[in-house]
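Commentary on secondary and tertiary structure
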Amino acid sequence: MRIVVLVSGSGTNLQAIIDAVASGELNVEIAAVGSDRVGTYGVERARAAGIDTFEVNFKDFAARAEWDAALLSAVQRYEPDVVVSAGFMRIVAPSFIDAFPNRYVNTHPALLPSFPGAHGVRDALAYGVKVTGCTVHYADAGVDTGPIIAQAAVAVQAGDTEETLHERIKVEERRLLVATLGELARSR
Ligand code: GRF
């Protein structure tokens, strides 16, 4: 299974995939890593691992549709079986979803359909839930919507901040993402 991984930030989920591939735990080929901005640590991690990278900088495009087209062609060049959004902080266009039907996988740090959006951890904490977690799902053109593949629960602890809770969620998120990709690879 060839994958392209999309990142916007620190790329710890990406690193978990890279490490799992290197150790033989995960049988996928990381064809490339792409970002919607320049200079992310995620892209740096990919370069350090010798993986092809591309940056389709959102700010370089005058119109949203031009960025959509550039992202799609950058990804399609690698002919991936599955595209993984691992901390990729952009909603892709319907044309992207249509190009990868049930092949665009996203990870989100909350138990969807609760707390979608860019602040899933903060919103769960503010609501006062006692259990939250993470979700790996097939993304559609909505905000963190689409069929759920797997979830893991994380208990909220007294005194948790957004940062402490997110760090505990991310431990589960990395494990869940690697395990889910492994299952997808086996089922293909
Ligand atoms: C993850 O929790 C992801 O679900 C969220 O942002 C975080 C990205 O972390 N959207 P990283 O870049 O993989 O370290």
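This report concerns the structure included in the present document. As a convention, each chain's residues are numbered from 1 in the sequence order in which they are written. This being a predicted model, a pLDDT of at least 70 is required before a residue's local features are given, and a value of 80 or more before pairs of side-chain atoms are given or counted; all residues contribute to the totals for chains, interfaces and linings. The basis for every side-chain value is the complete set of non-hydrogen atoms in the structure, without hydrogens or water.

**Quick word on unusual backbone geometry**
A cis geometry characterises the amide bond from Leu112 onward to Pro113, with omega recorded as 10 degrees. For the purposes of this entry, the term helix denotes a DSSP run of H or I that reaches at least four residues, the term strand denotes a run of E that reaches at least two, and both are numbered from the N terminus. Looking at the secondary structure, you find Pro113 in the loop between strand E5 (104-108) and helix H5 (120-127). Even without glycine at this site, Phe115 takes up a positive phi of about 55 degrees. Position of Phe115 relative to the elements: it lies in the loop between E5 and H5. Phi at Asp144 takes a positive value of approximately 55 degrees, unusual for a residue other than glycine. Three exposure classes are used, based on accessible area relative to the maximum for each residue type with a 1.4 Å probe and protein chains only: buried under 20%, partly exposed in between, and exposed over 50%. On the accessibility criterion, Asp144 (15% relative accessible area) is buried.

**What to know about the pattern of salt bridges**
Here, a salt bridge means any Lys or Arg side-chain nitrogen found within 4 Å of an Asp or Glu carboxyl oxygen. In total, this model carries eight salt bridges according to the counting rule given. A salt bridge links Asp36 to Arg37, with the shortest nitrogen-to-oxygen separation between them at 3.8 Å. On the basis of relative accessibility, which here comes to 35%, the residue Arg37 falls in the partly exposed class. For Arg90, the salt bridge identified is with Asp36, shortest N-O distance 2.8 Å. Remark: Asp36 occurs in the loop between strand E2 (29-35) and helix H2 (41-48) and Arg90 occurs in the loop between strand E4 (82-85) and helix H4 (94-99); sequence separation between them is 54 residues.

**A short note on the nonpolar core**
Ile3, Val5, Ile17, Val84 and Leu181 are the most contacted members of the largest nonpolar core, which totals 36 residues. Mapped onto this core, the elements with two or more residues apiece are strand E1 (2-7), helix H1 (12-23), E2, H2, E4, strand E6 (131-138), strand E7 (148-155) and helix H6 (162-187). Examining the composition of this core, we find that eight residues originate from one element, H6, more than from any other. Val5 has contacts with Leu14, Ile17, Ile30, Ala32, Val33, Gly34, Val84 and Ala86, leaving out every residue within four places of it along the chain. We define the nonpolar core as a collection of buried residues of types Ala, Val, Leu, Ile, Met, Phe, Trp, Tyr and Cys that are connected through side-chain atoms lying within 4.5 Å of one another. The contact definition used throughout considers only heavy atoms, calling two residues in contact when any of these lie within 4.5 Å.

Keep in mind these numbers describe shape, not what the thing actually does.
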